[in-house]
Amino acid sequence: MTVVARVLILLVAFVLVTLFLGWWTVAIVGGLWGLVARRETLPVPTAAVAAGLSWPLLLAWAAFHGPVVDLAGKVGTVMQLPGLGILAITLLFPMALAGSAAMLVGALRPRRRS
């Protein structure tokens, strides 16, 4: 399976679990990917990129149903960041969460003896 196909499959998984179960499931999917993708190349960046690409889709969907930009501006004011800074953090957070979970699970799984 190509890297693009793996990213697309994970992207769909991240969107669905985040939408139906919540943001914390990004770590679970990332960790499962780290466990399942033991022989795949680049499992950590694949999980991070897929998670990072999935949340803009969720933000776009939310923007059609509510004032996401206004909310980002208000939260940014409270945190003393520009609204775009809050959106950037929102997009970097799932990348860090999924990537670190995939790395942790990959590092904890037992190695096969040859």
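Here, the structure is the one placed above.
Residues numbered from 1 in each chain as written. Predicted model: local features only at pLDDT ≥ 70, side-chain atom pairs only at ≥ 80, totals over all residues. Heavy atoms only, no water.

Caption draft 1: The arrangement of the packing of aromatic side chains in detail. This model, assessed by the stated rule, comprises two aromatic pairs. Between Trp23 and Phe93 the ring centres are 5.6 Å apart and the planes differ by 55°, which places this aromatic pair in the tilted class. Here the residue Trp23 occupies a position in the loop between helix H1 (3-21) and helix H2 (25-36), and Phe93 occupies one in helix H5 (residues 83-108), the gap between them amounting to 70 residues. On the basis of relative accessibility, which here comes to 48%, the residue Trp23 falls in the partly exposed class. Measuring from ring centre to ring centre gives 6.0 Å for Trp55 and Phe93, while their planes differ by 50°; the resulting arrangement is tilted. (Phe/Tyr/Trp six-rings, centres within 6.5 Å; stacked < 30°, edge-to-face > 60°. Helix = DSSP H or I, 4+ residues; strand = E, 2+ residues; numbered from the N terminus. Buried < 20%, exposed > 50% of the residue type's maximum accessible area, 1.4 Å probe, protein only.)

Caption draft 2: Looking closely at the side chain of Ser54. Among the secondary structure elements, Ser54 is positioned in helix H3 (residues 43-65). Not counting residues up to four positions away in its chain, the partners in contact with Ser54 are Leu11, Phe14 and Val15. (Contact = heavy atoms within 4.5 Å.)

Caption draft 3: Focus on the environment of Val78. Among the structural elements, Val78 can be located in helix H4 (residues 68-78). Separated by 47 residues in the primary sequence, Val78 and Gly31 place their C-alpha atoms 33 Å from one another.

Caption draft 4: Structural view of the packing of H1 against H3. Between H1 and H3, the least distance of the axes is 8 Å, while the angle of their chain directions is 50°. Considering the angle they form, H1 stands oblique to H3. Of the two possible hands of crossing, H1 and H3 adopt the one that is right-handed. Of the residues in H3, those touching H1 at Val3, Arg6, Val7, Leu10, Leu11, Phe14, Val15, Thr18 and Leu19 are Thr46, Ala47, Val49, Ala50, Ala51, Leu53, Ser54, Trp55, Leu57, Leu58 and Trp61. Its residues placed into classes, the contact of H1 with H3 shows 16 nonpolar, three polar and one charged. (Axes fitted to C-alpha atoms, helices over the stretch in contact; angles between N-to-C directions. Parallel < 35°, antiparallel > 145°, perpendicular 65-115°, else oblique. Left-handed = near helix turned anticlockwise from the far one by under 90°. Nonpolar A, V, L, I, M, F, W, Y, C, P; charged D, E, K, R; others polar.)

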